[in-house]
Amino acid sequence: MECSEKNRMKHKPTAREKLAAQEQKERMYCKARGRCYHCGKPVSLAGCHLAHRVPAHLKYIKKYGRAVIYHEDNMDITCPDCNYLSLLDPASCPVEAAELVEQIEIKLGRRRD
Ligand SMILES: [Zn+2]
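Residues numbered from 1 in each chain as written. Predicted model: local features only at pLDDT ≥ 70, side-chain atom pairs only at ≥ 80, totals over all residues.

## Topic: the overall build of the protein chain
We count it as follows: The way it works is that DSSP assigns letters per residue, a run of H or I at least four long becomes a helix, a run of E at least two long becomes a strand, and they are numbered from the N terminus. Any residue surrounded by 20 or more other C-beta atoms within 10 Å of its C-beta is treated as buried, while 12 or fewer makes it exposed and the intermediate range makes it partly exposed; C-beta atoms here are placed from the backbone. We call two residues in contact when their backbone-placed C-beta atoms lie within 7 Å.
The helix and strand inventory of the protein chain stands at 5 helices and 2 strands. Seen in sequence order, the protein chain has helices and strands lined up from the N terminus as α-α-β-α-α-β-α. Going through the 113 residues of the protein chain one by one, you find that 22% of them count as buried. The long-range fraction of contacts in the protein chain, counting pairs at least 24 apart against all pairs at least 6 apart in sequence, stands at 64%.

## Brief notes about the environment of Cys93
In this fold, Cys93 is placed in the loop between strand E2 (75-78) and helix H5 (94-107). The spacing of Cys93 and Val54 is 39 residues in sequence and 9.7 Å in space, taken between C-alpha atoms.

## Notes on the environment of Leu87
On the secondary structure map, Leu87 appears in the loop between E2 and H5. By the C-beta count within 10 Å, which is 13 here, Leu87 ends up partly exposed. Counting along the chain gives 13 residues from Leu87 to Asn74, while the straight-line C-alpha distance between them is 9.6 Å.

None of the figures reported here should be taken as evidence of function without further support.
Structure follows, in structure tokens:
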């Protein structure tokens, strides 16, 4: 039915995925030494943002895959004020976004050469 079709489109994170996301945030927070990537202000683990560079929009997840979009290199630890500074939208910065995606794909071992 229409309803179940809609549900299939939307991905609900499982408990395991939520835990993995939390662990990733903690790891990145630790690497960033608890500071905002952009302004360097100290941020709390609860208060910091995990800002996506290539946005986690469905169209980009479909295009590049979850492994790229949720890769650590596609995310910065930021304070709430600087979240928007991480944005690297392929629609407005196609070259830079393509370079970033390529680097992540190499790390993921997806590129053959
Ligand atoms: Zn900041």
